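Fold and contact review
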Amino acid sequence: MPRLSATSRHAVSFVLNGRSTTADAEPRMLLTDFLRHVLGLTGTHVGCEHGVCGACTIHIDGQPARACLTLAVQVDGASVRTIEDLAPEPGRLSVLQAAFRRHHALQCGFCTPGMLMSLDAYLAANPEPDEAELRKYLSGHLCRCTGYVPIVAAALDAAKRLREDTANA
Amino acid sequence: MKPPPFDYVRAATLAEAHAVLATEGTDARIIAGGQTLVPMLSMRLARPRVLIDIMRLPELATIEESAGSIHVGAGVRQAELLAWPDLASRQPLLAAALPWVGHAQTRSRGTVCGSVAHADPSAEIPLVLVALGGSIVLSTRRRQRTVAAEQFFIGSLSTDRRDEELIAAVLFPCAPPEHGYAFREFGRRHGDFAVTACAALVTPERVRLAVGGVADRPVAREWGALAGSALDDALNEFAYDLDARDDLHATARFRRDLVRQLGREVIMEARRCLA
């Protein structure tokens, strides 16, 4: 039985943004710190570090999840997607990101990576979101700048454009 | 806020998980989804010497219906149970309460049994388990026992689980015919722990109400049909018997009021769904 010792680092192999990745972590290392400090992906933000603020939200096996509530060793064998994978190519924004820009759905930008990752998963599963449901879903994220109104507007606009893209595809 | 050092065992068989628990006792903690345990580690409220990850055990990852109960294994995530196609027809109270557990972004990882193991007095899953008269399956490497939910939750964050035992599954009784159900809670924000939560279960002959967030554990009480003003009297008596306390989130008086209000609402709603 593999017992990973507290005092040494152990290889964690997983798929990160579509690429097989292996890096070392102590058992106690949080996935947030693993992504940011070991793998250099600093787009995932660290806010409250106990699962309340939502800034560190990423996808694990396709589902939105808190990186700060996950140990790096737990994602061995899993597929992880972070904010760095959201834009289709450098210099081009995704439909959701572009909607955030159009609607001024961010000011300081600290909560934005988590908001985007959560909404990306939500819109994929719910192409026709209802505003009340969307607001309930966003209760898992704190934004202290916008008052949420432009965020909800951006999400609804992105959903509409994504539906049009699908219809015209 | 970083967790203190601990060893990490990725159990490949249930026997391995049991063996580590038997050897390490209180120094070991089971980790499943980690949605409660990881922040407790980060805040240093838990300092285990070893964590045992049970999420690679296929025998714990199942939802099954047998002998009139829904059997939810320790590896089943809250989102998986919510997505189980038979949930609303087999157990509508559970289907009504699960969307109130944390946020979608934590239900994706958090497990049903993990919430039961943590035993927060405000948590929805323990409340539903008590409301339905469900039970908890505990196992060690030598034996297995099943404990009724009302005996399992013994206080705030404390349960009848022994050090060498792990929660293998929880059993939610399926909805029998001629039952009405309702669930409601009041919290500061959606996804926060409830200040008070109520679950009602009614038949033509009886009314059962379970309340979370008021006493140090979820508490259920059962009455006869409760016609007219008898309902208000019964709720008032129950509200006082729960021995509410003042805390940061609400006063004892406000909590008693929530028991009377929400209690009435869920009982009426459950009666409508029975009719």
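Residues numbered from 1 in each chain as written. Chains lettered and ligands numbered in written order. Predicted model: local features only at pLDDT ≥ 70, side-chain atom pairs only at ≥ 80, totals over all residues. Heavy atoms only, no water.

Section: the packing of aromatic side chains
All names here are of chain A. Counting across every chain of the model gives 6 aromatic pairs over all chains. With centroids separated by 5.9 Å and ring planes inclined at 40°, the aromatic side chains of Phe14 and Phe34 adopt a geometry described as tilted. Note that Phe14 is positioned in strand S2 (residues 10-16) and Phe34 in helix H1 (residues 31-38), a separation of 20 residues in sequence. Each of the two residues, Phe14 as well as Phe34, counts as buried. (Phe/Tyr/Trp six-rings, centres within 6.5 Å; stacked < 30°, edge-to-face > 60°. Helix = DSSP H or I, 4+ residues; strand = E, 2+ residues; numbered from the N terminus. Buried < 20%, exposed > 50% of the residue type's maximum accessible area, 1.4 Å probe, protein only.)

Re helix H1 (residues 14-24) of chain B
Buried within H1(B) are the following residues: Leu14(B), Glu16(B), Ala17(B), His18(B), Val20(B), Leu21(B) and Glu24(B). Where H1(B) is buried, its residues contact strand S1 (3-4) of chain A together with strand S1 (7-10), strand S2 (28-31), strand S3 (50-53), strand S6 (135-139) and strand S10 (166-173) of chain B. One or two residues past the end of H1(B) sits Gly25(B), with phi positive at roughly 55°. (Contact = heavy atoms within 4.5 Å.)

So, the sheet that holds strand S3 (residues 19-25) of chain A
Residues and elements named next belong to chain A. The 5 strands are arranged S3-S2-S6-S4-S5 in an open sheet whose pairing can be described as mixed. Here the strands that pair on one side only, and so sit at the sheet edges, are S3 and strand S5 (63-66). Neighbour-to-neighbour, the strand axes of this sheet turn through a mean angle of 45°, independent of strand direction. Looking at chain direction, S2 and S3 are connected through 7 bridges and run antiparallel. Note on S3: the bridge partner recorded for His10 is Ala25. Sheet strands in contact with H1 are S2, S3 and strand S4 (57-60), and its direction is about 105° off that of S3. With respect to the sheet, helix H3 (residues 112-125) is in contact with S4, S5 and strand S6 (79-81), its orientation differing from that of S4 by roughly 40°. (Pairing = 2+ DSSP bridges. Axes fitted to C-alpha atoms, helices over the stretch in contact; angles between N-to-C directions.)

Re the pattern of salt bridges
Residues and elements named next belong to chain B. Inspection of the entire model under this criterion finds 34 salt bridges over all chains. Among the ionic pairs, Arg206 bridges to Glu222, the shortest N-O distance being 2.7 Å. Of this pair, Arg206 sits in the loop between strand S12 (196-202) and strand S13 (207-212) while Glu222 sits in strand S14 (residues 219-223), placing them 16 residues apart in sequence. Residue classification places Arg206 among the partly exposed residues on the basis of a relative accessible area of 27%. One connected set of salt bridges, linked through shared partners, spans Arg143, Arg145, Asp160, Arg162, Glu164 and Glu165. (Salt bridge = Lys/Arg side-chain N within 4 Å of Asp/Glu carboxyl O.)

Describing the interface of chain B and chain A
Of the residues lining the interface, 35 residues belong to chain B; the matching set on chain A comes to 34 residues. With both chains or domains summed, chain B and chain A bury close to 3,100 Å², and 54% of this area falls on carbon and sulfur atoms. Broken down residue by residue, the surface that chain B buries against chain A is led by Tyr8(B), Gln105(B) and Arg109(B), which jointly contribute 22%. On the surface where chain B and chain A come into contact, there are 5 salt bridges. Residue Glu24(B) pairs with Arg3(A) through a salt bridge whose shortest N-O separation is 3.1 Å. Connecting chain B to chain A are 20 residue pairs in polar contact (both at pLDDT 80 or more). Residue assignment for the side of chain B that touches chain A shows that the elements contributing at least two residues are S1, H1, helix H2 (37-42), S3 and helix H6 (104-107) of chain B. Broken down by element, the residue count for the side of chain B that touches chain A peaks at 4 residues, all from S1(B). For the side of chain B that touches chain A, the residue count by class is 16 nonpolar, 9 polar and 10 charged. (Buried area = accessible area lost by both parts, 1.4 Å probe. Polar contact = N/O pair within 3.5 Å; in protein donor to acceptor, adjacent residues only side chain to side chain. Nonpolar A, V, L, I, M, F, W, Y, C, P; charged D, E, K, R; others polar.)

Some words on the domain arrangement of chain A
All names here are of chain A. Under the domain assignment, chain A is made up of domain 1 (10-85) and domain 2 (95-168). Placing the centre of domain 1 and that of domain 2 at their C-alpha centroids yields a distance of 22 Å. Counting from both sides, the interface comprises 16 residues of domain 1 and, opposite them, 13 residues of domain 2. Overall, the association of domain 1 and domain 2 removes approximately 1,200 Å² of surface from exposure, summing both partners, and the carbon and sulfur fraction of that is 62%. It is His45, His59 and Ile83 in domain 1 that bury the most area against domain 2; as a group they hold 37% of the surface buried on that side. Across the domain 1-domain 2 interface, the total number found is 1 salt bridge. Put simply, Asp120 and Arg81 hold a salt bridge, and the shortest N to O gap is 2.9 Å. Here domain 1 and domain 2 share 6 residue pairs in polar contact (both at pLDDT 80 or more) between them. Residue assignment for the side of domain 1 that touches domain 2 shows that the elements contributing at least two residues are S4 and S5. (Domains from an automatic or database assignment.)

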